[in-house]
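# Structural features, examined
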Amino acid sequence: MSNFFNKSDLTRQDADKIVSDTLNNCDDGELYLEESKSESIVLDDNKIKSSNYSSDLGFGFRAISNEVVAYSYSNEISKDSLKNSSENLKSTLKSIKGTYNHEIPKSNKKFYEDINPIEQKSLDSKLEVLNKVNDFLRKKDGSVKQVTASFAGEQKSIEIIRSGGEALTDVRPLIRFNVSVMLEKNGRKETGVYGIGGRQSYDDYLKNDNWKNVCEEAFRIASVNLESKPAPAGEMKVVLGPGWPAILIHEAIGHGLEGDFNRKKTSAFHDLIGEKVASEGVTIVDDGTIDNRRGSLTIDDEGTPTERTVLIENGILKNFMQDRHNARLMNTRSTGSGRRENYRHIVLPRMRNTMMLSGNQTQDEMIKSVDKGIFAVSFGGGQVDITSGKFVFNCTEAYEINNGKIGSPIKGATLIGDGPSILKEVSMVGNDMMLDPGIGTCGKAGQGVPVGVAQPSILIDKMTVGGTKL
Amino acid sequence: MVKDQEFLKSKASYCLDLAKKMGATDASVTVGHSISETVNFRNKSLEASDRSDGLALSIETYLGKRRSSISSSNLLDENIKTLIEKCFETTKITPEDEFNSLPDKNLLAKQISSLNLYDETRFENDKKIKYLKDLEESASSDNQIINTESSFTENKSNFILANSDGFCDGYKTSSFTTSCVTVAKDENSMERDYEFSSKRHLSDIKQAIELGNKAAKQTIRKLSPKKIGSEKISIIFDKRISKGMLSVFASAISASAIARGTSFLKDKIDEQVFADSINVIDKPDMIKGMGSQNFDSEGVNSNTLQLIENGILKNYLVDTYNGKKLNLKSNGRSGGTTNLYFEKGNISYEDLMKKDSRSLYITETIGHGSNIVTGDYSVGATGFLFEDGEFKYPVNEITIAGNFKDMFKNIILANDLEFEYSVNSPTMMIEGMTVAGK
């Protein structure tokens, strides 16, 4: 746990006093202190290309009255600097008065250990794994022309001080191990990428030589793509595999259900609570409480314990994801979804681990039912236009389906759909729900936060596939 | 106030001295300070204010051909000392890499000319509020606009780059950025669009009323879109999308992608990669340029580069490390392009619009559908259908796809180039691309 009050002339008593003083006449707000340590070690082109260590320390001070949020941050934790921020917040809110809401739920549950993953594995042994990855892949097949492998680890300690002196703390470890391989055969080049990670130590993810499985998977994706032919263009049936393809859920539905867009009525979902937005059998939750998952949080960045929020239950839209600010303005409670990238950024309602739950059909049944369509197994990223509801995601491994059988692999293509209607096109939900491997980062308003997704195999009756073959 | 050169220099030399004392053979350090203030408006009233004040330090230490780096926002001497110790310890056990080195001394920038990148004008928050009020007033004048969000950010930055070969320089920059996002609604649809302006000097920022009007107009014309069928069609890319093609091109000719062999433009120097009417230039010394620089992130002097001459690829973007791998000298592009642009074409915007009997005018793309290894391109798109130069209707929920190798050779540029951003392109047409829709 970081002690933020032994670094300068600022004592806890000073901080408590300045915070209470500033927030007394506001509706909400807090002082957020953060210390993070992170590392990144990259092997590329047969060499250790970079090893970077970074340490960051700072505070963000927020005051909210009515609909106005005033925010000020600095990376100098000192009495002067905090007073300056306080003055800045007061000047923005000078004419708007509020009543401070002291209430914040409590929980003793923790979803990860207070560890520093960077210190738990020596640099030597990290370098050794990266070199093994490189040798393994390059020896595996003559077509391997480029290998990139990396470790990224961090430990983030936060403390939230609220008016009245209440303090909430959390220590968050996070790691990621990634392998990318490029193959070249008959003049064609294709890449395959795979990674794993979460909120445990590196060795929890690498035991039993698990790095080999990561290599095999990256190699497999690249090999499949070497044989790929142009993707079709137009509307057709799409079968999505389990796990990571759930970024469809994240883009199509998740963002549109974040509290801010719905308070502002700029989301295509803002007036659909209680309405049927998905086929029967479709249930979607956003869960911050799964042990050691990338998107899990013991408390969110406002100090609210996270929870499992039901977004869609059996096709009916139930809840939005809320931070304190949007919840207050919408007369509801925070769902523990208030997140920020770091102390430089304001809190926004964000996703954690977004999951579609299992149904009872099999992937086989889905494929057999398709005359002409595609089977998409792995994806790059996605994006959504919240207002029009249109979203895309990019396949990195997909196959054509002809007469109920999986055919040739097809080139990477963008799939586009309409968020509010796509889940009504889901006609089968598989019994094989899977979590993603722990690699997702979600971007919103310039802030990236770690998230997770999960889903079973699903069959979508109609979606536009953005290939080149008419 | 943003920290002055003296303060940053003293921190930089403290770091270099310390690294040397610990036994580093070489070192380089960047120290920067940045202050920015943002005011956000929504529906004609204040929504948020945000002040940020941030120091940043990054250090690289070398032991012969071994190298590692650290970065931090905590500039207390005690913390710097701990970090440099850690950095140097890491350097000792990092394997050697023959290409690791500081830039060649004779390539370092010697004379720094003023490019007028700093405007010391303080635009107080009260003035930002006045600007945004005017902006949102004009943006919401049509009753189909149901939501407006806008912001104004003022930023002042200063930095020093120093290395153990004696390079030590830096300069202040400023930027003023304002943007407006509007949402329009009719009985069939809800749509969003935007407009923004970003300049080094306050006086060059677009007028609030003009900006608001434009955002609103661009949003309203998107209402009640239709989906079209899948077909081959001529695509016209609005300037805000066509400049993205340049960014893809730039990443495909970065020395790092070339050295790693992961670019579809590898080994294409002196070959035709664009239509022969196309010229692409990267010019670092534009006065007040958003991408202007006196030297790159390693201190290397950067001159104007003609990247494409009559369609032929002439230069990669070279930094020291990847340059050594490729046996090329750095051309001062560590950190990428500066002010990158297509030279303007011969045809007017109006003539381009009616060149083909049927064309799709694209104003927005979504998704990360550019693959620089294969050149494959596939993105979601929004735009308008035109027939014989006549606006027909808005279009959405479609994708456009092709391969850059073919697309680049079929580019036709209008003559409407303007220098607004760090990457600039005229309106662009590419004939015969595949649209996937119904």
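Worth saying up front: this structure is predicted, and the values here are computed from it rather than measured. (Residues numbered from 1 in each chain as written. Chains lettered and ligands numbered in written order. Predicted model: local features only at pLDDT ≥ 70, side-chain atom pairs only at ≥ 80, totals over all residues.)

What follows concerns the overall build of chain B. Scanning chain B from terminus to terminus reveals 9 helices and 18 strands. Taking 2.2 N^0.38 as the reference for a compact globule, 438 residues should give roughly 22 Å; the C-alpha atoms of chain B span a radius of gyration of 24 Å, in line with that estimate. With respect to the principal axes defined by its C-alpha atoms, chain B has extents near 70 × 55 × 35 Å. Per-residue burial for chain B yields a buried fraction of 53% across its 438 residues. (Helix = DSSP H or I, 4+ residues; strand = E, 2+ residues; numbered from the N terminus. Rg over C-alpha atoms; globule rule 2.2 N^0.38 Å. Buried ≥ 20, exposed ≤ 12 C-beta atoms within 10 Å, placed from the backbone.)

Along chain A, the regular secondary structure elements total 11 helices and 22 strands. Against the globule reference of 23 Å for 470 residues, chain A gives a C-alpha radius of gyration of 24 Å, in line with a compact fold. With the principal axes as the frame, chain A shows a C-alpha extent of 70 × 55 × 35 Å. Burial statistics for chain A: of 470 residues in total, 61% are counted as buried. Counting contacts in chain A only where the partners sit at least 6 residues apart, residues at least 24 apart contribute 76% of the total. (Contact = placed C-beta atoms within 7 Å.)

The next thing to look at is the sheet that holds strand 11 (residues 312-313) of chain B. All names here are of chain B. Here 5 strands make up an open sheet; going across it, the order is 11-10-9-12-17 and the pairing mixed. Taken across any chain shown, the strands that pair with only one partner, and hence form the sheet edges, are strand 11 and strand 17 (423-424). Pairing analysis gives 3 bridges linking strand 9 (residues 280-282) to strand 12 (residues 340-342), with the strands arranged antiparallel. Within strand 12, the residue paired with Asp 282 across the bridge is Leu 340. (Pairing = 2+ DSSP bridges.)

Another aspect to go through is the interface of chain A and chain B. Taken together, the contact pairs 63 residues of chain A with 58 residues of chain B. Considering every element that reaches the side of chain A that touches chain B, the biggest residue donor is strand 2 (residues 47-65) of chain A, with 11 residues. Bridge count for strand 3 (residues 68-74) of chain A against strand 2 (residues 45-63) of chain B is 6 bridges, and the pairing is parallel. For Tyr 73 of chain A, the partnering residue across the bridge sits in strand 2 of chain B and is Ser 52 of chain B.

Let us look at the pairing of strand 13 (residues 358-366) of chain B. All names here are of chain B. The element strand 13 is extensively covered by neighbouring structure, given that 7 of its 9 residues are classed as buried. Pairing analysis gives 4 bridges linking strand 8 (residues 231-237) to strand 13, with the strands arranged parallel. Paired with Ser 234 across the strands is Ser 359, a residue of strand 13.

Residue and element names in this part refer to chain B. In terms of domains, chain B is made up of domain 1 (5-220) and domain 2 (226-438). Using only C-alpha atoms to locate each centre, domain 1 and domain 2 end up separated by 25 Å. Between domain 1 and domain 2, the contact holds 18 residues from the first and 19 residues from the second. Of the residues in the side of domain 1 that touches domain 2, the class split is 11 nonpolar, 6 polar and 1 charged. (Domains from an automatic or database assignment. Nonpolar A, V, L, I, M, F, W, Y, C, P; charged D, E, K, R; others polar.)

Residues and elements named next belong to chain A. Although it is not a glycine, Asn 292 adopts a positive phi angle of roughly 65°. Note on placement: Asn 292 falls in the loop between strand 8 (284-287) and strand 9 (308-313). Even without being a glycine, Ala 445 presents a positive backbone phi close to 50°.

All right, on to the environment of Ser 223 of chain A then. Residue and element names in this part refer to chain A. Tracing the sequence through the fold places Ser 223 in helix 6 (residues 210-226). Judged by the 17 C-beta atoms lying within 10 Å of it, Ser 223 is partly exposed. Sequence-wise, Ser 223 and Ile 196 are 27 residues apart; in three dimensions their C-alpha atoms are separated by 20 Å.

Turning our eyes to something else, we now look at the environment of Tyr 399 of chain A. Tracing the chain through its elements places Tyr 399 of chain A in strand 15 (residues 390-402). Beyond its immediate stretch of four places on either side in the chain, Tyr 399 of chain A contacts Ile 374, Phe 375, Ile 406, Gly 407, Ser 408, Pro 409 and Ile 410 of chain A.

Moving on, we come to the environment of Leu 132 of chain B. Residues and elements named next belong to chain B. Within the secondary structure, Leu 132 is located in helix 3 (residues 125-139). What makes Leu 132 buried here is the crowd of 28 C-beta atoms within 10 Å. For the pair Leu 132 and Ser 179, spaced 47 residues apart in sequence, the C-alpha separation works out to 9.3 Å. Excluding residues within four positions of it along the chain, Leu 132 makes contact with Val 39, Phe 41, Ser 150 and Phe 152.

All names here are of chain A. When cut into domains, chain A gives domain 1 (117-225) and domain 2 (233-466). Computed from C-alpha atoms alone, the centre-to-centre distance between domain 1 and domain 2 is 24 Å. The partner domain 2 presents 16 residues to the 14 residues of domain 1 that form the contact. Secondary structure elements with two or more residues in the side of domain 1 that touches domain 2: strand 5 (167-185), strand 6 (188-198) and helix 6. Of the residues that constitute the side of domain 1 that touches domain 2, the class distribution is 6 nonpolar, 5 polar and 3 charged.

Here we come to the packing of helix 1 (residues 5-22) of chain B against helix 2 (residues 77-93) of chain B. All names here are of chain B. Two numbers describe how helix 1 lies on helix 2: the axes approach to 10 Å, and their chain directions differ by 40°. Here helix 1 is positioned oblique relative to helix 2, judged by the angle of their axes. Here helix 1 runs over helix 2; the crossing is right-handed. Of the residues in helix 2, those in contact with Tyr 14, Cys 15, Leu 18, Ala 19 and Met 22 of helix 1 are Asp 77, Ile 80, Lys 81, Ile 84, Glu 85 and Phe 88. (Axes fitted to C-alpha atoms, helices over the stretch in contact; angles between N-to-C directions. Parallel < 35°, antiparallel > 145°, perpendicular 65-115°, else oblique. Left-handed = near helix turned anticlockwise from the far one by under 90°.)

Okay, the packing of helix 4 (residues 123-140) of chain A against helix 6 of chain A next. Residues and elements named next belong to chain A. In the contact formed by helix 4 and helix 6, the axes pass within 10 Å of each other and the chain directions differ by 40°. Here helix 4 is positioned oblique relative to helix 6, judged by the angle of their axes. Note that helix 4 runs across helix 6; the crossing there is right-handed. Across from Val 129, Lys 132, Val 133, Phe 136, Leu 137 and Lys 140 in helix 4, the residues of helix 6 making contact are Trp 211, Lys 212, Cys 215 and Phe 219.

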